[in-house]
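Structure assessment
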Amino acid sequence: MKKTFVTLDQLREITQEYPTPFHLYHEKGIRENIRQLKKAFAWNEGFKEYFAVKATPNPAILQILKEEAAGVDCSSLTELMLADLVGFSGQEIMFASNVTPEEDFILARKLNATIILDDITDIDYLEKVAGIPETIGCRYNPGGLFVINNEIMDTPNEAKYGFTREQLTEGFKRLQHKGVKHFGLHAFLASNTVANEYYPNLAKVLFETAVELKNETGAHIEFIDLSGGIGIPYHPEQQPADIFDVGERVRTVYEKVLIPAGMGDVKLYTELGRFMLGPYGCLVATAIHEKHIHKEYIGLDACAANLMRPAMYGAYHHITVMGKENEPYHHKYDITGGLCENNDKFAIDRMLPKIDIGDLLVIHDTGAHGFAMGYNYNGKLRSAEVLLKEDGSFELIRRAETPADYFATFDVINSFVSKLF
Ligand SMILES: *Cc1c(COP(=O)(O)O)cnc(C)c1O
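Numbering of residues starts from 1 in each chain and follows the order in which that chain's sequence is written. Per-residue local features of the predicted model are confined to residues with pLDDT of at least 70, and side-chain atom pairs are confined, for both listing and counting, to 80 or more; whole-chain, interface and lining totals are unaffected and use all residues. Excluded from the side-chain calculation are hydrogens and water; included are all heavy atoms of the structure.

**Thoughts on the domain arrangement of the protein**
Basically, it comes down to this: The split of the chain into domains comes from an automatic or database domain assignment. Contacts were defined at the residue level, with two residues in contact if any of their heavy atoms lie within 4.5 Å. The term buried area denotes the loss of accessible surface (1.4 Å probe radius) that occurs when two parts are joined, taken as the sum for both partners. Whenever a nitrogen or oxygen atom comes within 3.5 Å of another N or O atom, the pair is scored as a polar contact, on the condition that within protein one atom can donate a hydrogen and the other can accept it, and that pairs from neighbouring residues in sequence are kept only if both atoms are in side chains. Helix and strand definitions follow DSSP, with helices as H or I runs of at least four residues and strands as E runs of at least two, each counted in order from the N terminus. Following the grouping adopted for this structure description, the nonpolar residues are Ala, Val, Leu, Ile, Met, Phe, Trp, Tyr, Cys and Pro, the charged ones are Asp, Glu, Lys and Arg, and the polar ones are all others, Gly among them.
You can read the domains of the protein as domain 1 (26–278) and domain 2 (281–407). Taking the mean C-alpha position of each, domain 1 and domain 2 sit 32 Å from one another. At the junction of the two partners, domain 1 supplies 22 residues and domain 2 supplies 19 residues. Here domain 1 and domain 2 share an interface that buries about 1,700 Å² over both sides, 55% of which is from carbon and sulfur atoms. The interface formed by domain 1 and domain 2 includes nine residue pairs in polar contact (both at pLDDT 80 or more). Elements represented by at least two residues in the side of domain 1 that touches domain 2 include exactly helix H2 (27–40), helix H3 (59–67) and helix H10 (274–277). Its residues assigned to classes, the side of domain 1 that touches domain 2 comprises 10 nonpolar, seven polar and five charged.

**Observations concerning the environment of Val180**
When you line up the elements, Val180 lands in the loop between helix H7 (165–177) and strand S9 (182–186). Taking the C-alpha atoms as reference points, Val180 and His220, 40 residues apart in sequence, are found 9.5 Å from one another. With residues near it in sequence (within four places) discarded, Val180 still touches Ile132, Pro133, Glu134, Ile136 and Leu175.

**A closer look at the site of the ligand**
So the rule is basically this: In this text, near means that some heavy atom of the residue lies within 4 Å of the molecule or strand in question. For every accessible area listed, the method is Shrake-Rupley and the probe measures 1.4 Å; residues are considered covered only by the protein chains on display.
Every one of the 14 residues lining the ligand counts as a neighbour, but Lys54, Glu271, Gly273, Arg274 and His369 are closest to it. One of the side-chain nitrogen or oxygen atoms of Ser227 is found 3.3 Å away from a nitrogen atom of the ligand. The contact in question runs from an oxygen atom of the ligand to an N or O atom on the backbone of Gly273, over 3.0 Å. Within the complex, the protein chains bury 91% of what would otherwise be the 380 Å² of accessible surface of the ligand. Among the residues making up the shell around the ligand, the classes are represented as three nonpolar, six polar and five charged.

**Some thoughts on the packing of aromatic side chains**
Our working definition: Stacked, edge-to-face and tilted are the three classes for Phe, Tyr and Trp ring pairs, Trp counted by its six-membered ring, which pair at centre distances within 6.5 Å; planes under 30 degrees apart are stacked, over 60 edge-to-face, the rest tilted. Exposure is judged per residue with a 1.4 Å probe applied to protein chains only, and the accessible area is read against the type maximum: over 50% gives exposed, under 20% gives buried, and values in between give partly exposed. Two conditions define a charge located above a ring, namely a distance within 6 Å from the ring centre to NZ of Lys or CZ of Arg, and an angle within 35 degrees of the ring normal.
Applying the stated criterion across every chain, the model contains 15 aromatic pairs. Measuring from centroid to centroid gives 4.8 Å for Phe223 and Tyr269, while their planes differ by 25°, and the two rings are stacked. Linking Phe223 in strand S10 (residues 220–225) with Tyr269 in strand S11 (residues 267–270), this pair joins segments that are 46 residues apart in sequence. Residue Phe223 shares its accessibility class with Tyr269, and that shared class is buried. Put simply, the rings of Phe41, Trp43, Phe47, Phe146, Tyr198, Tyr199, Phe207 and Tyr254 pair up and form one aromatic cluster. It is Lys66 that lies over the ring of Phe88; its NZ or CZ is 5.6 Å from the centre.

**A closer look at the packing of helix H8 (residues 198–217) against helix H9 (residues 243–258)**
How two helices sit against one another is set out by the angle between their axes and by the gap between those axes. As a reminder of what qualifies: Axis angles are defined between N-to-C directions and span 0 to 180 degrees, where every axis is a line fitted to C-alpha atoms and, for a helix, only to the segment in contact. The cut-offs work like this: below 35 degrees is roughly parallel, past 145 is roughly antiparallel, 65 to 115 is roughly perpendicular, and the gaps in between are oblique. In this scheme, a crossing is called left-handed if the near helix is turned counterclockwise away from the far one by less than a right angle; it is called right-handed if the turn is clockwise.
Interhelical geometry of H8 versus H9 gives an angle of 20° and a closest axis separation of 9 Å. Here H8 lies roughly parallel to H9, going by the angle between them. The interaxial crossing formed by H8 with H9 has right-handed handedness. Every residue of H9 that contacts H8 at Tyr199, Pro200, Ala203, Lys204, Phe207, Glu208 and Val211 is listed here: Val246, Arg249, Val250, Val253, Tyr254, Val257 and Leu258. Among the residues forming the contact of H8 with H9, the class breakdown is 11 nonpolar, no polar and three charged.

Structure below.
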């Protein structure tokens, strides 16, 4: 059974100050996890995790990761601004975007971020808008299917990202002409994979390609970026990835492919988002409605606007009814939000203890791609974010939106907004 990182007593204390719904983050879990990751890859001298900001774009969370010596992986202007505000700079910022607007590249260059180009046409475009740096990375898309143990993990041939293999050679040569001295290679071929084999398989593809590129172009490959993609066990029956096993297997491939090629100085980077934060956040909501029609429904004060994954991907998120962990799971419910969309369901046909109005529900594993994917459909407001600190105290790290926030962008219609506020 999945356990919550927060107790009912703690939640009662928090909800006295900050009403539900809110996303709650677990500082201790976040810190312990990144320390494990760093240990698992400590064999590589240049190893660095660049946390994918899009997963949890909150400065308090980024600050914790910064204290643990992580960098950040940004993909837009505002993510770069956020990184800058938290105090990340230069080598601590990776910029891996696609379909990139001019101002994004300009800011990335100004912050001296390491840029990963998504497309061969980005070379001339970047040169024109912001200039080519001495160190740059290219994102690789090998096409085809990405298969591990005869199982299709994902479909790179359908993915919009990256250079083809031929474009990499061509791109490296063009970049060398434009003064690039140090290269990086990046790929993201499968998402949310708990299989320990994902990184080692990806590493093999990238390492072999790096050796080829070095032989073809003479380029100095400074880093290889394994990007994101390590998954988390959303379902209680899934096993988490064993990060030490992953690290050791990547090491084996490194020693087999890169070291014999005289490339034992290549730094390994990761841009994990889900693995870093997913299990260390949850959405806390209150049961505010029950409905008995053709099925049994429990309605929450949270909705898909606070957590989109179930509606968008049919994703499983485990649910704990706080204080009833040991009661029999005899009731079959659909747990819903209040959007006028029938896919606004956190769970369908879920066996749970009997839920009463006012019960606190914890929706697990929302620490990454949870709050971040929120939206304002149906005029629903984004929730607060609260940090449960290592000493057991808690801190509001983002207030809940108010109607004034919702109406703020109508400030162009002065008469309208001044009537309201
Ligand atoms: C989304 C993304 C990540 C993080 O992915 P996770 O699945 O959260 O680990 C890393 N790098 C890039 C370029 C991404 O787009």
